[in-house]
Amino acid sequence: MAEEAVLGYLENNEEISDSGNFAEVKGISHDELVNVIKSLNGFRLVDAQDIKREKWVLTNEGELYAKYGSPEVQLFLAVPPEGITREELQKIVASRLPDDIEEKLKSSMFKIGSTQAIKNKWIEMGKLKVSRKVQHVEDRVKELLVQIQAGEAVGSEDIDALKRRKLITPQTWKGYSVKKGPKYAPKRKKVATDLTRENLQRGEWKELEFKEYNFLAKGQPTEGGCLHPLLKVRRQIKMIFLQMGFEEMPTNNFVESSFWNFDALFQPQQHPARDSHDTFFLKEPATTRRLPEDYVARVKKIHESGGYGSRGYGYDWKREESDKNLLRTHTTAVSSRMLYALAQGGFAPKRYYSIDRVFRNEAVDRTHLAEFHQIEGLICDRGLTLGHLIGVLEDFFSRLGMSELKFKPAYNPYTEPSMEIFSYHEGLQKWVEVGNSGMFRPEMLLPMGLPQDVQVIAWGLSLERPTMILYGIDNIRDLFGHKVDLSLIKRNPICRIGL
Ligand code: FB9
């Protein structure tokens, strides 16, 4: 239909000067006509040239003023010659508004109308009442909007005034002018793209015209697998740990007991982090099934009355508290399992690491979700000191490209001493907190059965923070979660960190 209209018209006419007018005259949609013009142009049956027209269209508010009049005129007409109180005036204006106006706009009509009427010096807003300053007013705004709706020209000053009040907005219209092309024909000959069995059997092949091969056409992009930026950074950090002689810990259990997540770490049962405001507890299964009873007894004791020179916390430790299942709040829960296992089978020095998801019931914001990926490293050996911890941190972070570190005393329930780690970030031109660290307390290690002269130094950081900085992402929802743009996953640079 549209194709025949275009080719037929060009048979006896030099040009279709405006596709918009042509579509209107022929009673076809302009979008459909544009698609036909593009196709005929692609096969060179026509020669199409772009046309662009800027025109003004009314906003929703503009449409209302054009239909019902501007709020300033409506407000002026509601003021009687003897004047009126502000409250009365507000009621009259509201009662005269049509029902189909949005509530939000209704409530602002009085304010817009009175502000504009005062600006036009039509009314005076006294302390007691509102009175007219003129006898008669013209609704210039409504006239202009109706003119624009009719496609009539309006002066630039009036346009600016209407634009400032957000009553009109620019709209770009795109169309084509069309002439005969080098391969014009009054009727497009169907070009075959395949030679079929039917063509051969019926002998149609003799009349068939085949579409030329377009060797310049790009092939369909092949969709291959892609690694998420988080996984690219995770792989780089894994390589750093492996190069430093660390073994990966098994982190394939998001669900953990409070015992391994808190009690084994000598974290008291009253600690705020153990509250359901900070931790996700499970309803089903609500409690853990099995714990090493002899170890539990030692943990109970160390919390209640101390031991090994520690005073403990002096509270009644409750088993049912430690049986509660939760989503692990840190991968240190895995570290406690690994250290306990290490103490059972004849101690040997170890370097362990983990990188996996942890869950915290915290307020989410631009850089924090209720879950993140924690990176944790630990070294278990005899005679370790804080100096060893500082040394291994400088080695680890230098491989991440952070050569200058500063340490600040901190507190963790399960490490003493503890340090926050800071690094000067050249790109951001400021000191950035890059992690936390410490030496696991004897109250944690000795009940496990580790020898008295064994210490454990450990540290942690998140995977999201470095990834967001390295990939220039400032909102975590653009990196992780259901709103992530798949093109970020499909197209992002390789991860280049460290040395
Ligand atoms: O990752 C963090 N910051 C960071 C890390 C790397 C980085 O690299 C850039 C390329 C240059 C940039 C920034 N932080 C830890 C510090 C802050 O971002 C902090 O605001 C957020 N922290 C998380 C916890 O927030 C709920 C990051 C996460 C964190 C904090 C502490 C640990 C693990 C993760 C730990 C631990 C620990 C301590 C002692 C023993 C064992 C584990």
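Treat the numbers as computed from the prediction; the structure is a model and nothing was measured.

Conventions and cut-offs
Residues numbered from 1 in each chain as written. Predicted model: local features only at pLDDT ≥ 70, side-chain atom pairs only at ≥ 80, totals over all residues. Heavy atoms only, no water. Near = heavy atom within 4 Å. Polar contact = N/O pair within 3.5 Å; in protein donor to acceptor, adjacent residues only side chain to side chain. Helix = DSSP H or I, 4+ residues; strand = E, 2+ residues; numbered from the N terminus. Nonpolar A, V, L, I, M, F, W, Y, C, P; charged D, E, K, R; others polar. Pairing = 2+ DSSP bridges. Contact = heavy atoms within 4.5 Å. Axes fitted to C-alpha atoms, helices over the stretch in contact; angles between N-to-C directions. 1 Å grid on protein atoms, 1.4 Å probe; cavity = no way out; pocket = protein on both sides within 12 Å on 5 of 7 lines; lining within 4 Å. Points joined across faces, edges and corners; volume = space filled by probe spheres on them. Buried < 20%, exposed > 50% of the residue type's maximum accessible area, 1.4 Å probe, protein only. Phe/Tyr/Trp six-rings, centres within 6.5 Å; stacked < 30°, edge-to-face > 60°. Domains from an automatic or database assignment. Parallel < 35°, antiparallel > 145°, perpendicular 65-115°, else oblique. Patch = residues over 30% accessible without salt bridge, like charges linked within 9 Å, V, L, I, M, F, W, Y side chains within 5 Å. Areas by Shrake-Rupley, 256 points an atom, 1.4 Å probe, with all protein chains shown as cover. Salt bridge = Lys/Arg side-chain N within 4 Å of Asp/Glu carboxyl O. Disulfide = S-S within 2.5 Å. Core = buried A, V, L, I, M, F, W, Y, C linked by side-chain atoms within 4.5 Å.

### Some thoughts on the site of the ligand
Then comes step 1: What surrounds the ligand is a group of 23 residues, the closest being Glu 433, Leu 461, Ser 462, Arg 465 and Pro 466.
Then comes step 2: A distance of 2.8 Å separates an oxygen atom of the ligand from a polar backbone atom of Ser 462.
Then comes step 3: Elements represented by at least two residues in the shell around the ligand include exactly β12 (371-382), β14 (415-425), β15 (430-440), β16 (454-462) and α18 (464-470).
Then comes step 4: A per-element tally of the shell around the ligand places β15 first, with seven residues.
Then comes step 5: Residues of the shell around the ligand, tallied by class, amount to nine nonpolar, ten polar and four charged.

### What about the sheet that holds strand β5 (residues 168-180)?
Then comes step 1: One open sheet holds the three strands; their spatial order is β1-β5-β2, and the pairing between them is antiparallel. This sheet does not close on itself; its edge strands, each paired only once, are β1 (15-16) and β2 (46-58).
Then comes step 2: Bridge count between β1 and β5: two bridges; the pairing is antiparallel. Considered in β5, the bridge of Glu 15 is made with Lys 179.

### Re the sheet that holds β16
Then comes step 1: Spatially, β8-β11-β12-β16-β15-β14-β13 is the arrangement adopted by the seven strands of the open sheet, whose pairing is mixed. The two strands at the open ends of the sheet, each matched to only one other strand, are β8 (247-248) and β13 (405-412).
Then comes step 2: Alignment of β15 against β16, held across four bridges, turns out to be antiparallel. Bridging from a neighbouring strand, Met 439 pairs with Ile 457 of β16.
Then comes step 3: Contacts from helix α11 (residues 229-243) reach β8, β11 (350-359), β12 and β16 within the one sheet, and its direction differs from that of β11 by about 165 degrees.

### Quick word on the layout of surface pockets
Then comes step 1: If you add up the space inside the second largest pocket, you get close to 410 Å³.
Then comes step 2: Forming the walls of the second largest pocket are 15 residues, and the residues nearest its centre are Phe 43, Leu 45, Lys 183, Val 191 and Glu 209.

### Things to note about the pairing of β11
Then comes step 1: The element β11 is largely enclosed, with a buried count of seven among its ten residues.
Then comes step 2: Of the pairings in the sheet, the one linking β8 to β11 comprises two bridges and is parallel in character. For Glu 247, the partnering residue across the bridge sits in β11 and is Tyr 352.
Then comes step 3: Direction of pairing for β11 relative to β12: antiparallel, over a ladder of ten bridges. When the sheet's bridge partners are listed, Phe 359 is paired in β12 with Glu 371.

### Focus: the packing of aromatic side chains
Then comes step 1: Under the criterion given, the structure shown has 20 aromatic pairs.
Then comes step 2: When the centroid spacing of 4.5 Å and the interplanar angle of 20 degrees are considered together, the rings of Tyr 295 and Tyr 340 count as stacked. Taken together, the residues Tyr 295 in helix α13 (residues 293-304) and Tyr 340 in helix α15 (residues 332-344) connect sequence positions 45 residues apart.
Then comes step 3: Judged by relative accessible area, which is 0%, Tyr 295 ranks as buried.
Then comes step 4: Overall, the relative accessible area of 12% leaves Tyr 340 in the buried class.
Then comes step 5: Centroid distance Tyr 424 to Trp 431: 5.6 Å. Interplanar angle 70 degrees. Geometry classified as edge-to-face.

### A short note on the domain arrangement of the protein chain
Then comes step 1: Taken domain by domain, the protein chain comprises domain 1 (60-168) and domain 2 (230-491).
Then comes step 2: Each of domain 1 and domain 2 has a C-alpha centre, and the two are 63 Å apart.

### Here we look at the side chain of Ser 336
Then comes step 1: Along the polypeptide, Ser 336 turns up in helix α15.
Then comes step 2: Using a relative accessible area of 0% as the deciding quantity, one classes Ser 336 as buried.
Then comes step 3: In contact with Ser 336, other than residues within four places in its own chain, are Trp 260, Ala 264, Leu 265, Met 444 and Met 448.

### Thoughts on the packing of helix α8 (residues 140-149) against helix α9 (residues 156-164)
Then comes step 1: Axis separation between α8 and α9 bottoms out at 11 Å; the angle between their running directions is 105 degrees. It follows from the interaxial angle that α8 and α9 lie roughly perpendicular. When α8 is examined against α9, the residues Arg 140, Val 141, Leu 144, Leu 145 and Ile 148 are found in contact with a partner set consisting of Asp 158, Ile 159 and Leu 162.
Then comes step 2: Of the residues contributing to the contact of α8 with α9, the split by class is six nonpolar, no polar and two charged.

### Some remarks on a nonpolar patch on the surface
Then comes step 1: A grouping of Leu 195, Leu 200, Trp 205 and Phe 210 is seen on the molecular surface, where their side chains present a nonpolar patch of about 400 Å² in accessible area.
Then comes step 2: Tracing the backbone through its elements, the reader meets Leu 195 in the loop between β6 (191-192) and α10 (197-202).

### Quick notes on the state of the cysteines
Then comes step 1: Scanning the entire structure with this criterion turns up zero disulfides.
Then comes step 2: Between Cys 226, a free cysteine, and Cys 495, which holds the nearest cysteine sulfur, the sulfur-to-sulfur gap is 16 Å.
Then comes step 3: Judged by its relative accessible area of 11%, Cys 495 falls in the buried class.

### Let's talk about the pattern of salt bridges
Then comes step 1: Within the structure shown, the criterion is met by 25 salt bridges.
Then comes step 2: Across the pair Glu 72 and Arg 165 runs a salt bridge whose closest N-O atoms are separated by 2.8 Å. Taken together, the residues span a long stretch of sequence, with Glu 72 in helix α5 (residues 71-77) and Arg 165 in the loop between α9 and β5 at a distance of 93 residues.
Then comes step 3: Residue Arg 441 is joined to Glu 443 by a salt bridge in which the shortest nitrogen-to-oxygen separation is 3.2 Å.
Then comes step 4: Connected via shared salt-bridge partners are Arg 140, Glu 143 and Asp 158.

### What about the nonpolar core?
Then comes step 1: Grouped together as the largest cluster of nonpolar side chains are 41 residues, with contacts concentrated most on Ile 237, Phe 396, Phe 397, Leu 400 and Trp 459.
Then comes step 2: Sorting the residues of this core by element identifies α11, β11, β12, α16 (386-399), β14, β15, β16 and α19 (486-490) as the ones contributing at least two each.
Then comes step 3: Excluding its chain neighbours within four sequence positions, the residues that come into contact with Ile 237 are Ile 355, Ile 375, Phe 396, Leu 400, Leu 463 and Ile 497.

### Structural notes on unusual backbone geometry
Then comes step 1: Following Glu 284, the chain continues into Pro 285 via a peptide bond in cis, with omega recorded as 0 degrees.
Then comes step 2: Mapped onto the elements, Pro 285 comes out in the loop between α12 (258-261) and α13.
Then comes step 3: The phi dihedral of Lys 121 is positive, around 60 degrees, even though this residue is not glycine.
Then comes step 4: Turning to its location among the elements, Lys 121 is positioned in the loop between α7 (103-119) and β3 (123-125).

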